[in-house]
Amino acid sequence: QVQLVESGGGLVQAGGSLRLSCAASGRTFSSYAMGWFRQAPGKEREFVARLSWTGSNRFYADSVQGRFTISRDVVKNTMYLQMNSLKPEDTAVYYCAAGVREYGLGSGRYVADYWGQGTQVTVSS
């Protein structure tokens, strides 16, 4: 069983930074690709970033490329999302996920097997 617990959300002004953390239990990093998703009010949940189970490959949504960085600490069994140059449109509930994969090669749709409870990020203009 995989359990994921996010933290680090909050309120920040546009242009600011936040770092989200995801504490994972179980053999997550050695078995699963990990990632982050987000859901803004009235919108569908969308993919943000993915980190391969080896930790060597990172992939980002176009909307966050160059501003967000996904990383992990294997010893602490924790994954991170460093978010810089935040914009009001980044406001959403952010979810940590395990078993992240593209649903159909080239589809641009991402799914996951396990989810955290989410953490709110609000960016004020």
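Residues numbered from 1 in each chain as written. Predicted model: local features only at pLDDT ≥ 70, side-chain atom pairs only at ≥ 80, totals over all residues. Heavy atoms only, no water.

A. View of the layout of surface pockets. By volume, the largest pocket is sized at about 250 Å³. Together, Phe 37, Arg 45, Glu 46, Phe 47, Phe 59, Ala 61, Gly 108, Arg 109, Tyr 110, Val 111 and Trp 115 line the largest pocket. Mapped onto the lining of the largest pocket, the elements with two or more residues apiece are strand 5 (46-51) and strand 11 (110-111). Residues of the lining of the largest pocket, tallied by class, amount to 7 nonpolar, 1 polar and 3 charged. (1 Å grid on protein atoms, 1.4 Å probe; cavity = no way out; pocket = protein on both sides within 12 Å on 5 of 7 lines; lining within 4 Å. Points joined across faces, edges and corners; volume = space filled by probe spheres on them. Helix = DSSP H or I, 4+ residues; strand = E, 2+ residues; numbered from the N terminus. Nonpolar A, V, L, I, M, F, W, Y, C, P; charged D, E, K, R; others polar.)

B. Structural view of the pairing of strand 7 (residues 68-73). Bridge count between strand 7 and strand 8 (residues 78-83): 6 bridges; the pairing is antiparallel. Among the inter-strand pairings, Arg 72 is bridged to a residue of strand 8, identified as Met 79. Turn length for the strand 7-strand 8 hairpin, with the two strands adjacent in sequence and antiparallel, is 4 residues, and the turn residue Asn 77 shows positive phi of about 55°. (Pairing = 2+ DSSP bridges.)

C. Highlighting the state of the cysteines. Under the definition given, this model contains 1 disulfide. Between the sulfur of Cys 22 and that of Cys 96 lies a disulfide, 1.9 Å long from S to S. A torsion of -65° about the S-S bond marks the disulfide between Cys 22 and Cys 96 as left-handed. Of the two residues, Cys 22 is situated in strand 3 (residues 18-25) and Cys 96 in strand 9 (residues 92-98); the sequence distance between them amounts to 74 residues. Take Cys 96: its relative accessible area is 0%, and that puts it in the buried class. (Disulfide = S-S within 2.5 Å. Buried < 20%, exposed > 50% of the residue type's maximum accessible area, 1.4 Å probe, protein only.)

D. A look at the pairing of strand 5. Where strand 4 (residues 34-39) and strand 5 come together, 5 bridges link them in antiparallel fashion. Within strand 5, the residue paired with Phe 37 across the bridge is Phe 47. Relative to strand 6 (residues 58-60), strand 5 runs antiparallel, the two being bridged by 3 bridges. Residue pairing across strands places Leu 51 opposite Arg 58, the latter belonging to strand 6. The hairpin turn running from strand 5 into strand 6, its antiparallel successor, is 6 residues long, and Gly 55 in that turn takes a positive phi close to 80°.

Function-wise, these values are silent; they only describe arrangement.
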